[in-house]
Amino acid sequence: MDKIENLMENRDGTQLDDPQTIVDAIAAQATGESKQFRTVIGQAGNELLAYRNSVPIEQYLETLARNYN
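Within each chain, residues carry numbers counting from 1 in the order of the written sequence. Local features are withheld for residues below a pLDDT of 70 in this predicted model, meaning they are given only at 70 or higher, and side-chain atom pairs are given and counted only at 80 or more; totals for whole chains, interfaces and linings count all residues. As a rule here, side-chain values come from all non-hydrogen atoms in the structure, and water together with hydrogens is ignored.

What about the overall build of the protein?
Selection rule: The secondary structure listing takes helices from DSSP runs of H or I that are at least 4 residues long and strands from runs of E that are at least 2 residues long, numbered from the N terminus. Only heavy atoms enter the contact rule, under which two residues are in contact if any of them lie within 4.5 Å.
Assigned secondary structure in the protein consists of four helices and zero strands. When the helices and strands of the protein are placed in sequence order, the string is α-α-α-α. Residue pairs in contact within the protein that sit at least 24 positions apart in sequence constitute 59% of those at least 6 positions apart.

Right, here's the structure in full:
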């Protein structure tokens with residue numbers, strides 16, 4: 001949990017996922033190519049989901065508010 005929290009707090013934006021990966025996933029959802037109900041995209045999405053699954057919802061929301069507001 002500490003490792004994930006440290007990653008969340010120390011992101012510098014230089015290791016963002018390729019925007020094309022995100023666009024391709026959205027297009028697959030919009031055209032029906034993908035039948036997944038929930039789609040987690042890229043490293044950032046997987047890190048957020050892993051963090052969400054590892055801490056109470058209150059801590060998750062507090063961390064997101066602190067890092068993204």
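Thoughts on helix 2 (residues 19-31)
Selection criterion: Here a helix's expected span is defined as the number of its residues, less one, multiplied by 1.5 Å.
Compared with an ideal rise of 1.5 Å per residue, which puts 13 residues at 18 Å, helix 2 spans 18 Å between its outermost C-alpha atoms and is within 8% of the ideal. Residue G32 follows helix 2 closely and has a positive phi angle near 85°.

Observations concerning helix 3 (residues 42-54)
Heads up, the rule is: To sort residues, take the accessible area from a 1.4 Å probe on protein chains only and compare it with the maximum for the residue type: under 20% means buried, over 50% means exposed, and anything in between is partly exposed. To be clear, the arc concerns the directions from the helix axis to the C-beta atoms.
Between its first and last C-alpha atoms helix 3 spans 19 Å; for 13 residues at 1.5 Å apiece the expected length is 18 Å, and the two agree. Residues of helix 3 that are buried include every one of G45, E47 and Y51, and no others. One face of helix 3 carries all of its buried residues, which in axial projection span an arc of 160°.

The values reported here are purely geometric and, on their own, carry no functional implication.
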